[in-house]
Amino acid sequence: MKKYKVRLTGMGIEAVAIIPFEIEPTIEEVENQTALYLSENLMKVESDENFYTDDRYMLTYEEIN
């Protein structure tokens, strides 16, 4: 099992979570799991007004050990 640290920044928030995947995920799988974690309140969400625009977001992820 691989674990990824996912960070979503933009639209007035910054959200972070550790999301496990059985195999190497595709970008679409990361986006879908991130959306699920957000809807289930499983991500740590904080207000972030420093992002350059309120109608876009940036999603980054990296494998952790």
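Before reading further, recall that the structure is shown in the block above.
Right, let's walk through the structure included here.

Each value, and the rule that gives it
- Residues numbered from 1 in each chain as written.
- Predicted model: local features only at pLDDT ≥ 70, side-chain atom pairs only at ≥ 80, totals over all residues.
- Heavy atoms only, no water.
- Helix = DSSP H or I, 4+ residues; strand = E, 2+ residues; numbered from the N terminus.
- Rg over C-alpha atoms; globule rule 2.2 N^0.38 Å.
- Buried < 20%, exposed > 50% of the residue type's maximum accessible area, 1.4 Å probe, protein only.
- Contact = heavy atoms within 4.5 Å.
- Areas by Shrake-Rupley, 256 points an atom, 1.4 Å probe, with all protein chains shown as cover.
- Lys, Arg positive; Asp, Glu negative; His and termini not counted.
- Charge placed at Lys NZ, Arg CZ, Asp CG, Glu CD.
- Core = buried A, V, L, I, M, F, W, Y, C linked by side-chain atoms within 4.5 Å.
- Pairing = 2+ DSSP bridges.
- Axes fitted to C-alpha atoms, helices over the stretch in contact; angles between N-to-C directions.

**A closer look at the overall build of the protein**
Secondary structure assignment for the protein yields one helix and four strands. Ordered by position from the N terminus, the helices and strands of the protein form the series β-β-α-β-β. Against the globule reference of 11 Å for 65 residues, the protein gives a C-alpha radius of gyration of 12 Å, in line with a compact fold. Counting only C-alpha atoms, the protein reaches 35 × 20 × 20 Å along its principal axes. Out of the 65 residues in the protein, the part that is buried amounts to 28%. At a minimum sequence separation of 6, the contacts of the protein that also span at least 24 residues come to 59%. On the protein, roughly 4800 Å² of surface is accessible, and the fraction owed to carbon and sulfur atoms is 48%. In the protein, 6 side chains carry a positive charge and 14 a negative one; their mean positions are 6 Å apart.

**Describing the nonpolar core**
Core analysis: the largest hydrophobic core is formed by 10 residues, namely Tyr4, Val6, Leu8, Ala15, Ala17, Ile19, Phe21, Val30, Tyr37 and Met43. Contributions of two or more residues to this core are made by strand S1 (2–10), strand S2 (13–21) and helix H1 (27–39). Top contributing element to this core by residue count: S2, with four residues. Not counting chain neighbours up to four residues away, the residues in contact with Met43 comprise Val6, Ala15, Val16, Ala17, Thr34, Tyr37 and Leu38.

**With respect to the side chain of Thr9**
For Thr9, the position within the fold is in strand S1. Not counting chain neighbours up to four residues away, the residues in contact with Thr9 comprise Glu14, Asp48, Phe51, Tyr57 and Met58.

**Thoughts on the sheet that holds strand S4 (residues 57–64)**
Across the sheet, which stays open at both edges, the four strands sit in the order S3-S2-S1-S4 with antiparallel pairing between neighbours. Looking at which strands have only one partner, the edges of the open sheet turn out to be strand S3 (44–47) and S4. For this sheet, the mean inter-axis angle between neighbouring strands, taken without regard to orientation, is 15°. Direction of pairing for S1 relative to S2: antiparallel, over a ladder of nine bridges. Looking at S2, one finds that Leu8 is bridged to Ala15.

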